[in-house]
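One letter stands for each residue in the lines below.
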Amino acid sequence: MTDSDRPVTLITGATGGIGAALARALAGTHDLILQGRDGERLAALCTEVGAAALPLDLTRPETFGAALAGLGRVTNVVQNAGVADLGAVADQPPEVWTHTLAVNVVAPAALTRLLLPRVREERGSVVFINSGAGLRANPGWASYAASKFALRALADALREEEAPQGVRVTSVYPGRTATPMQQKVRAQEGGAYDPEAYVTPETVAATVRFVLEAPRDATLPDVSVRPGPR
């Protein structure tokens, strides 16, 4: 998809708040491959930042191989896509758990496995956008937190496995971020959505960019991003 010498960065969930901010932050210095659920918004974003679109249904990992077959170089993979449905353990049916784990854990694992040969060739990076819920599980957050704890385990194991190949693996743990997902979460919690109280998607994107472009003699295994003092 690209013949340039710039890094090629693939971002999942690119139509979300953090994903779109990251695409804009990297445009011009990285060649971008973007995946997103909303085809119309994805096409518009790809046009805006000069990216290639990757049509991919993250709930169907059996289709990933064919979808990736036409890709050329891939230097970095940012696993940003995710879903969150809050509810008590006593109330959430198995379908919620299955869908949450499929999108938040199984898809990143399957996609990373298929892209690793390309990333190894480039001595690139895999970045998992985790969450504060991947460090602590609060009431009503069991299914989402379980998926993020699992994502942390995936990253930790992958980091040790791929270090001999020169691949860097980082988990980024944003706190509450001013995104449409956060707006949905606050509605589920029955609380007000105040974007001024949260970290911006652009700040998280700047952090991810720093991780991707950090000097080769450094690795950043875990990076937390929290709202600063106001």
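Just above, that's the structure.
Structural notes, computed from the coordinates.

Thresholds applied
- Residues numbered from 1 in each chain as written.
- Predicted model: local features only at pLDDT ≥ 70, side-chain atom pairs only at ≥ 80, totals over all residues.
- Heavy atoms only, no water.
- Helix = DSSP H or I, 4+ residues; strand = E, 2+ residues; numbered from the N terminus.
- Rg over C-alpha atoms; globule rule 2.2 N^0.38 Å.
- Buried < 20%, exposed > 50% of the residue type's maximum accessible area, 1.4 Å probe, protein only.
- Areas by Shrake-Rupley, 256 points an atom, 1.4 Å probe, with all protein chains shown as cover.
- Lys, Arg positive; Asp, Glu negative; His and termini not counted.
- Charge placed at Lys NZ, Arg CZ, Asp CG, Glu CD.
- Pairing = 2+ DSSP bridges.
- Right-handed = clockwise from strand over helix to strand, strands pointing away.
- Polar contact = N/O pair within 3.5 Å; in protein donor to acceptor, adjacent residues only side chain to side chain.
- Contact = heavy atoms within 4.5 Å.

A short note on the overall build of the protein
- Across its full length, the protein carries 7 helices and 7 strands.
- When the helices and strands of the protein are read in sequence order from the N terminus, they spell out β-α-β-α-β-α-β-α-β-α-β-α-α-β.
- Rg of the C-alpha trace for the protein: 17 Å, near the compact-globule value of 17 Å for 230 residues, within the 12% margin.
- Each principal axis of the C-alpha atoms in the protein carries an extent, and together these give about 50 × 40 × 40 Å.
- Of all 230 residues assigned to the protein, the portion counted as buried reaches 47%.
- Element-wise, carbon and sulfur atoms account for 55% of the exposed surface of the protein, whose accessible area totals about 10,700 Å².
- In the protein, the 22 positive side-chain charges and the 24 negative ones have mean positions that sit 3 Å from each other.

Let's talk about the pairing of strand β2 (residues 31-34)
- By the alternation rule, side chains of β2 split into D31 and I33 and L32 and L34, which are all buried.
- Where strand β1 (residues 8-11) and β2 come together, 4 bridges link them in parallel fashion. Across the sheet, T9 pairs through a bridge with L32, a residue of β2.
- In the classification by handedness, the crossover that spans β1, the intervening helix α1 (residues 17-26) and the parallel β2 is right-handed.
- Examined bridge by bridge, β2 and strand β3 (residues 52-53) share 2 bridges and lie parallel to one another. Looking at the pairing, L34 lines up with A53 of β3.
- The β-α-β motif built from β2, the intervening helix α2 (residues 39-49) and the parallel element β3 has right-handed crossover chirality.

Some remarks on the pairing of strand β4 (residues 76-79)
- Burial of the side chains of β4 extends over both faces: N76 and V78 are buried on one face and V77 and Q79 on the other.
- Examined bridge by bridge, β1 and β4 share 3 bridges and lie parallel to one another. Bridging across to β4, I11 finds its partner in V78.
- With 4 bridges connecting them, β4 and strand β5 (residues 125-129) associate as parallel partners. Pairing of V78 across the sheet is with V127, part of β5.
- Viewed along the sheet, the connection from β4 through helix α4 (residues 94-122) into β5 turns out right-handed.

Digging into the sheet that holds β3
- Taking strand neighbours across the sheet as the criterion, the 7 strands line up as β3-β2-β1-β4-β5-β6-β7 in an open arrangement whose pairing is parallel. In this open sheet, the two strands that pair with only one neighbour each are β3 and β7 (222-225).

Notes on the side chain of E162
- Mapping E162 onto the fold places it in helix α5 (residues 142-162).
- Residue E162 is classed as buried on the basis of its relative accessible area, which comes to 4%.
- In this structure the side chain of E162 is engaged in a polar contact, spanning 2.8 Å, whose partner is the side chain of R120.
- Leaving out residues up to four positions away in the same chain, E162 has contacts with L116, R120 and V167.

Looking at unusual backbone geometry
- Phi angles above zero are rare outside glycine, and R123 is one such case at about 50 degrees.
- Within the secondary structure, R123 sits in the loop between α4 and β5.

Remember, this is a structural readout, not a statement about activity or role.
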